Amino acid sequence: MFGRLACATIALATLPTLSSARAERASSLAIPLAASTDIQRQVVTYSCKAKKGASSAKLRGMLSEKLVKVSYINAGDISLAVLAIDSKTQVFTNVIAGSGAKYAAAEYVWWTKGDDAMFSSEMDASAMVNCHEIKG
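This one's a predicted model, so the numbers in the text were calculated from it and none came from an experiment.

1. Looking at the overall build of the protein
Piece 1. In terms of regular secondary structure, the protein is built from one helix and 13 strands.
Piece 2. Going residue by residue from the N terminus, the α and β elements of the protein occur as β-β-β-β-β-β-α-β-β-β-β-β-β-β.
Piece 3. Looking at the protein as a whole, 34% of its 136 residues qualify as buried.
Piece 4. Here the analysis covers contacts within the protein between residues at least 6 apart in sequence; of these, 43% occur between residues at least 24 apart.
Piece 5. Summed over all atoms, the accessible surface of the protein reaches about 8,400 Å², with 54% contributed by carbon and sulfur.

As structure tokens, this is what we get:
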């Protein structure tokens, strides 16, 4: 279940931000929202396994340790999934999907339906990682 946050901004830690004059390195990113926006956050842990093949194994290696933690943030029309890819925080945004919730960041896709998720790369259609939510 989603937990409600009291503030009217989405704050993400350890992400670079841009100022109007020049790029700066910062430890957080804030997305301003209308004060009435309901912000929900849920952290889900998954067990993930690569499909057969070297490219899938390489893709699995880009995810965090054995268990993969994903933060889902919903705020009005904004739906994000935040997870570590190759030891770097990636912010995935929701995109149109036929079913489930599909998120994209750079060349990566994180797609959930029920308790299952799939991680893939648009750069290699044969690489795929299947994940299942760990309850409890």
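Let's pick the thread back up.
2. Brief notes about unusual backbone geometry
Piece 1. Of note in this structure, Asp 86 is not a glycine but carries a positive phi near 55°.
Piece 2. Mapping Asp 86 onto the fold places it in the loop between β8 (78-85) and β9 (88-95).
Piece 3. Positive phi values are uncommon outside glycine, yet Ser 87 reaches one of about 65°.
Piece 4. Mapped onto the elements, Ser 87 comes out in the loop between β8 and β9.
Piece 5. Of the residues examined, Ser 87 reaches a relative accessible area of 76% and is grouped as exposed.

3. Observations concerning the confidence of the model for the protein
Piece 1. Mean pLDDT for the protein: 85, with 81% of residues reaching 70 or above.
Piece 2. Every residue in residues 1-7 is under pLDDT 50, and counting partners more than four places away or in other chains gives 14 contacts.
Piece 3. Note on residues 14-21: pLDDT is under 50 here. Beyond four places in sequence and across chains, it has 16 contacts.

4. A word on the pairing of β9
Piece 1. Direction of pairing for β8 relative to β9: antiparallel, over a ladder of six bridges. Bridging across to β9, Leu 80 finds its partner in Thr 93.
Piece 2. In this structure, the hairpin formed by β8 and β9 is closed by a connection of two residues, where Asp 86 is found at a positive phi of approximately 55°.
Piece 3. Bridging between β9 and strand β10 (residues 101-105) involves three bridges; their strand directions are antiparallel. Among the inter-strand pairings, Asn 94 is bridged to a residue of β10, identified as Tyr 103.
Piece 4. The turn joining β9 and β10, which pair antiparallel and follow one another in sequence, is formed by five residues; a positive phi near 75° is taken by Gly 100.

Criteria and thresholds
- Residues numbered from 1 in each chain as written.
- Predicted model: local features only at pLDDT ≥ 70, side-chain atom pairs only at ≥ 80, totals over all residues.
- Heavy atoms only, no water.
- Helix = DSSP H or I, 4+ residues; strand = E, 2+ residues; numbered from the N terminus.
- Buried < 20%, exposed > 50% of the residue type's maximum accessible area, 1.4 Å probe, protein only.
- Contact = heavy atoms within 4.5 Å.
- Areas by Shrake-Rupley, 256 points an atom, 1.4 Å probe, with all protein chains shown as cover.
- pLDDT = per-residue confidence, 0-100.
- Pairing = 2+ DSSP bridges.

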